[in-house]
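Okay, here's what each chain looks like letter by letter:
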Amino acid sequence: MPPLLALALCIGAVVYLLRLERKQSPEVTRALWIPTIWLLILPSRPIGLWFNARNRDPDVSGPLDLGVLVVLFLVTLTVLARRRGRWAGALKESPWLLALIVFMLVSIIWSEIPDVSLKRWIKELLAVLMALVVFSEPRPRQAMESLFRRTTYILIPFSLILIKYFPVYGVDYGPWSGEQEWIGVAQQKNSLASLCVVSAIFLIWSLVKRWQDKGPSVWKYQVHAEALLLLLTLYLLGGPDHSLFYSATSMYAFLGGALVCGWVLLLEKFGKRIKAGTLTAVIVILILLGVVTVFIGGSGIRFFASSAGRDETLTGRTQVWTSLLPVVMTSPVVGKGFGGFWTSRTRATFQISGAHSGYLDVVLGIGIVGLLLVSMFLVSSGRKARDELSRDVGWGVLWIGYLIVAAIHNIGESSIDTFTAQLTAILLLFTVCSSKKARKIPESGEAAVEAEPERR
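Notes on the structure in this doc start here. Note that the coordinates shown come from a computational prediction; the quantities given were computed from them, not determined experimentally.

Helix and strand counts for the chain come out as 19 helices and 2 strands. When the 456 residues of the chain are sorted by exposure, 54% land in the buried category. In the chain, the proportion of contacts linking residues at least 24 apart, taken out of those at least 6 apart, comes to 77%.

Written out as structure tokens, the structure is:
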């Protein structure tokens, strides 16, 4: 099939899926396209790099990316200014999130590159503002579901098209091995794998939900479409060799999240509910495993690595951790300042783009204090997710699933050190949009009138 024809068919299919999604979410306003665009950008490569397909330097973005960021920031502030009565006090129920964001800002004081750190913190602030936009929707939960569908409907099909028909954009080659790597819309293979895990968890949840509930006739078309998308997602997750453990960390995160979701659902089926202390213990154990693994040279997860066909160095991760630990020890309590360590220079020095451990990256940036704040954010999010089970089992299960995926994923990859990573951004959305105020559905009055001009 000619590449342009394949691209045209893909665009047509995506537009059709988005029309189905629109019919399912009639109360979502046009303003939701702002966080949609933001969430589409996160797992993808910087916009400027689309015009330089072979450039993989994450620091090279250029004025185009800056311009998009400024526009998103200004439009988001405009929307929030119009809705100020609907999101005021939204963060009061998330004290650990507030403490983390504030500490990130304060840590810029001791960063060696404060200007760069400040720019990176502004992106964190934008993530919080995006969550507030979703929170201020007439039905925040419906808005989040719509947001997840849009990103999945767009990113997965286009990743496949880029890999198969536009390999200059969708395929890369390992710098040392020279082996082919699928990257799709992402910047590298592990980023695509993470995108696939996030999408697969949501699609499975959506299909189970549709199977349990009777919905409008439009749902039957979405069932077939989402089942096909799930197959495509799992196909992409397998990589060019169609291996179950093409990206071992992502696959273990996916399996762990799916198993815990199944366990929670099984308990609910028998009239039981996972205890808050049990869920907290699981999250804390996974965090401790991730931290300890770095300091003991990967011994804590060596069995899982060998089961996935990886060598004793965990594909070079143990060597990276060993080289970074002396840096950590120079400022273990408060770190190098948020966004103050990874630059083009340090990436060249250590010949790596990140620590391949979210917990190590947190300590590098904001130290042990920051790691404690991140841990408390995850634990508090877990407690909210468990409480959600009493109101909406399905929604609580999805939230718990993403928490477990994030905790496991950051043992061998990095995402928890920033809210501008897709997986952590999703946890931010769940946390902010779970407040008591967000659960109140406006039926009439000022909130409903205010939302009307923004409808599709």
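Once the structure has been displayed, the description carries forward.
Looking now at the environment of Ser353. Structurally, the position occupied by Ser353 is in the loop between α15 (344-350) and α16 (358-388). A C-alpha to C-alpha distance of 8.7 Å links Ser353 and Thr343, two positions 10 residues apart in sequence. Leaving out residues up to four positions away in the same chain, Ser353 has contacts with Trp342 and Arg347.

So, about the packing of helix α2 (residues 33-41) against helix α6 (residues 114-135). In the contact formed by α2 and α6, the axes pass within 9 Å of each other and the chain directions differ by 140°. With respect to α6, the axis of α2 lies oblique. Crossing hand, α2 versus α6: left-handed. Here α2 contributes Ile34, Pro35 and Trp38 to the contact with α6, which in turn contributes Leu126, Ala127, Met130, Val133 and Val134. Looking at the contact of α2 with α6 residue by residue, the classes come out as 8 nonpolar, no polar and no charged.

Core analysis: the largest hydrophobic core is formed by 135 residues, its most contacted members being Trp38, Leu364, Leu378, Leu398, Tyr402, Phe419 and Phe430. Setting aside chain neighbours within four positions, we find Phe419 in contact with Trp38, Leu42, Leu97, Leu100, Ile101, Met104, Glu124, Ala127, Phe377, Thr424, Ala425 and Leu428.

Enumeration according to the criterion identifies 12 salt bridges in this entry. A salt bridge links Glu27 to Arg139; the shortest N-O distance between them is 2.5 Å. With Glu27 in the loop between α1 (3-24) and α2 and Arg139 in the loop between α6 and α7 (140-165), the pair connects residues that are 112 residues apart, well separated along the chain. Classification of Glu27 as partly exposed rests on a relative accessible area of 26%. Arg139 sits in the partly exposed class, given a relative accessible area of 29%. Taken together, the salt bridges that share partners define one network made up of Glu145, Arg149, Lys209, Arg210 and Glu226.

What follows concerns the packing of aromatic side chains. Within the structure shown, the criterion is met by 14 aromatic pairs. For the ring pair Phe148 and Phe202, a centre distance of 5.8 Å and an interplane angle of 75° mean the geometry is edge-to-face. You can see Phe148 sitting in helix α7 and its partner Phe202 sitting in helix α9 (residues 189-212), a full 54 residues away along the chain. Relative accessible area serves as the criterion here: at 1%, Phe202 is assigned to the buried category. Aromatic pair Phe341 and Trp342: ring centres 4.9 Å apart, planes at 75°, arrangement edge-to-face. For the pair shown, Phe341 and Trp342 are each scored as buried.

Every α-helical turn comprises 3.6 residues, leaving residues that sit three or four positions apart pointing alike. With 22 residues, helix α11 (residues 248-269) ought to run about 32 Å at 1.5 Å a step, and its terminal C-alpha atoms sit 31 Å apart, in line with that. Of all the residues in α11, the buried ones are Ala248, Thr249, Ser250, Met251, Ala253, Phe254, Gly256, Gly257, Val260, Cys261, Val264 and Glu268. Gly271 occupies a position one or two residues after α11 and carries a positive phi of about 75°.

Before going further, it helps to spend a moment on the environment of Gly262. Note that Gly262 resides in helix α11. Distance from Gly262 to Val397, taken between C-alpha atoms, is 8.6 Å for residues 135 residues apart in sequence.

Our focus in this paragraph is the side chain of Ser194. Of note, Ser194 is situated in helix α9. Beyond its immediate stretch of four places on either side in the chain, Ser194 contacts Ser250, His409 and Gln422.

Moving on, we come to α16. The terminal C-alpha atoms of α16, which comprises 31 residues, lie only 27 Å apart, well short of the 45 Å expected from a rise of 1.5 Å per residue. Roughly 125° is the biggest bend found in α16, and it falls at Ile366. Among the 31 residues that make up α16, 24 are buried, leaving the element largely enclosed by the rest of the structure.

Our focus in this paragraph is the side chain of Glu124. Positionally, Glu124 belongs in helix α6. This buried residue, Glu124, is left without a salt bridge; Lys123 holds the nearest opposite charge, at 8.2 Å. Not counting the four nearest positions on each side in its chain, Glu124 is found in contact with Ile101, Met104, Phe338, Thr418, Phe419 and Thr420.

Taken together, the side chains of Val284, Leu288, Val292, Phe295, Ile296 and Met329 define a hydrophobic patch exposed on the protein surface, amounting to about 550 Å² of accessible area. Considering every element that reaches the nonpolar patch, the biggest residue donor is helix α12 (residues 276-295), with 4 residues.

Quick notes on the rules
Residues numbered from 1 in each chain as written. Predicted model: local features only at pLDDT ≥ 70, side-chain atom pairs only at ≥ 80, totals over all residues. Heavy atoms only, no water. Helix = DSSP H or I, 4+ residues; strand = E, 2+ residues; numbered from the N terminus. Buried < 20%, exposed > 50% of the residue type's maximum accessible area, 1.4 Å probe, protein only. Contact = heavy atoms within 4.5 Å. Axes fitted to C-alpha atoms, helices over the stretch in contact; angles between N-to-C directions. Parallel < 35°, antiparallel > 145°, perpendicular 65-115°, else oblique. Left-handed = near helix turned anticlockwise from the far one by under 90°. Nonpolar A, V, L, I, M, F, W, Y, C, P; charged D, E, K, R; others polar. Core = buried A, V, L, I, M, F, W, Y, C linked by side-chain atoms within 4.5 Å. Salt bridge = Lys/Arg side-chain N within 4 Å of Asp/Glu carboxyl O. Phe/Tyr/Trp six-rings, centres within 6.5 Å; stacked < 30°, edge-to-face > 60°. Expected span 1.5 Å × (residues − 1). Bend = angle between axes of the 7 residues up to and from the residue. Lys, Arg positive; Asp, Glu negative; His and termini not counted. Patch = residues over 30% accessible without salt bridge, like charges linked within 9 Å, V, L, I, M, F, W, Y side chains within 5 Å. Areas by Shrake-Rupley, 256 points an atom, 1.4 Å probe, with all protein chains shown as cover.

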